[in-house]
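So the chains spell out like this:
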Amino acid sequence: MSLTPLDAGGTTVGCAGEHPGFADPAYVRRRNLIAERAEGHPLGEPSPEVHYTDAEHATWRAVHGALLRAQDLWACREVLGARGVAPIPADGVPQHEEVSNRLQALTGFRFTLAGGIVANKRFLGAMAKGYFHAVQYVRHPAMPLYTPEPDVLHDVFGHGIHLADPFFADLYRTVGRAAARVETADALDLISRVYWFTLEYGTVLEQRRPRAYGAALLSSYGELGRFAQADLRPFDLAELVRMPYQVAGYQPILFTVQSLAHLADLLHGFLDGFDESTRDRYRLPVLSERGFMARPPTR
Ligand SMILES: [Fe+2]
């Protein structure tokens, strides 16, 4: 899945010990070479072209086949409809600009370059302007069906599907507008937590059966096959914001909405009037003071 949006500040993404790539110096060099180009990259400027290797294209193709089959089984119907128009080539890793040009024509969104975790204010706030921070590097080929950090496959197979669809694009903008209105870490943490348990890890009931709509689930073959066995709970804002993130590995607790119309009502209801006083009005905890991840892992 893609790195979750959380606080930046040099946080290491995921659990290095679990990632086969961190024991492979050649992979680390390649990943960092691609990621470093995001440093200082202006929001909305075209992403540089990446000359992907044959091995990286092969990883893409392996994931493409497996993931589409898993999505057919476990994704909700709205996601499968969006996938039909999303920029997901079968033959190899697409360039950011190819993806962006397609998304822009569909919903006005574009990818903007990220090198890993992006600070909440920038990551979430950019969505109000129609930009989604996305990385370009590819997961390690030894474990193509799972990655503890967001990579280009997470961003395209998860967020790229969402952002091809006006319904989901509106929800991203709703998150972005709320983030753009606030400045404190606590308010931004609150929004990022709602984002995490909905647009990254959300599930929805379809004929009383759980189906995935969150980007992290959609882009993880392993999680698509297992999320229905997770502790699925009805969407509850007060409970959700108290839930610690599970950064690496599978999410043990997920929240379920009755329908995507229900999701839209919930997000608009909470975020449209969101400001620095929202936490107090809802009597929600001060996250940083209660020891919740000050830096929840993103993606
Ligand atoms: Fe993501």
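Description of the structure in this document. The model shown is predicted, which means the values in this text are computed figures rather than measured ones.

1. Some details on the pairing of strand β6 (residues 253-257)
Phase 1 of the analysis: Burial runs high along β6: five of the five residues are buried.
Phase 2 of the analysis: The alternating pattern of β6 places I253, F255 and V257 and L254 and T256 on opposite faces, both of which are buried.
Phase 3 of the analysis: As paired strands, strand β3 (residues 203-206) and β6 are joined by two bridges and run parallel to one another. Across the sheet, the residue bridging to V204 is V257, located in β6.
Phase 4 of the analysis: The sheet contact formed by strand β5 (residues 231-234) and β6 spans four bridges and is parallel. Within the sheet, the bridge partner assigned to L232 lies in β6 and is L254.

2. Some remarks on the packing of aromatic side chains
Phase 1 of the analysis: In the structure shown here, the tally under the stated rule is 13 aromatic pairs.
Phase 2 of the analysis: Look at W60 and F157: their rings are 4.8 Å apart centre to centre, the planes differ by 35°, and that puts the pair in the tilted class. Of the two residues, W60 is situated in helix α2 (residues 54-74) and F157 in helix α6 (residues 152-162); the sequence distance between them amounts to 97 residues.
Phase 3 of the analysis: With relative accessibility at 0%, the residue W60 sits in the buried group.
Phase 4 of the analysis: Taking 5.7 Å as the distance between ring centres and 85° as the angle between the ring planes, the aromatic pair formed by W74 and F227 counts as edge-to-face. Here F227 lies in the loop between α10 (221-224) and β5 and W74 lies in helix α2, a separation of 153 residues in the sequence.

3. Topic: the sheet that holds β6
Phase 1 of the analysis: Spatially, the four strands line up as an open sheet ordered β4-β3-β6-β5, and their pairing is mixed. In this open sheet, the two strands that pair with only one neighbour each are β4 (209-212) and β5. Pairwise comparison of adjacent strand axes, ignoring direction, gives a mean angle of 45° for this sheet.
Phase 2 of the analysis: Two strands pair when backbone bridges link them, and β3 and β4 are joined in this way by four bridges, in the antiparallel orientation. Paired with L205 across the strands is P210, a residue of β4.

4. As for the packing of helix α7 (residues 166-181) against helix α12 (residues 260-271)
Phase 1 of the analysis: At a minimum axis separation of 10 Å, α7 and α12 run at an interaxial angle of 15°. As summarised for this structure, α7 and α12 are arranged roughly parallel, according to the angle between their axes. Read as a crossing pair, α7 and α12 show a hand that is left-handed. Where α7 approaches α12, its residues F167, F168, D170, L171, T174, V175, A178 and R181 are matched on the opposing element by L260, L263, A264, L267, H268 and L271.
Phase 2 of the analysis: In terms of residue class, the contact of α7 with α12 is built from ten nonpolar, two polar and two charged.

5. Digging into α7
Phase 1 of the analysis: Between its first and last C-alpha atoms α7 spans 23 Å; for 16 residues at 1.5 Å apiece the expected length is 22 Å, and the two agree.
Phase 2 of the analysis: Listed as buried for α7 are F168, A169, L171, Y172, T174, V175, G176, A178 and A179.
Phase 3 of the analysis: Of the residues that open α7, the one with a side-chain oxygen 2.8 Å from the backbone nitrogen of F167 is D165.

Conventions adopted
Residues numbered from 1 in each chain as written. Predicted model: local features only at pLDDT ≥ 70, side-chain atom pairs only at ≥ 80, totals over all residues. Heavy atoms only, no water. Buried < 20%, exposed > 50% of the residue type's maximum accessible area, 1.4 Å probe, protein only. Helix = DSSP H or I, 4+ residues; strand = E, 2+ residues; numbered from the N terminus. Pairing = 2+ DSSP bridges. Phe/Tyr/Trp six-rings, centres within 6.5 Å; stacked < 30°, edge-to-face > 60°. Axes fitted to C-alpha atoms, helices over the stretch in contact; angles between N-to-C directions. Parallel < 35°, antiparallel > 145°, perpendicular 65-115°, else oblique. Left-handed = near helix turned anticlockwise from the far one by under 90°. Contact = heavy atoms within 4.5 Å. Nonpolar A, V, L, I, M, F, W, Y, C, P; charged D, E, K, R; others polar. Expected span 1.5 Å × (residues − 1). Polar contact = N/O pair within 3.5 Å; in protein donor to acceptor, adjacent residues only side chain to side chain.

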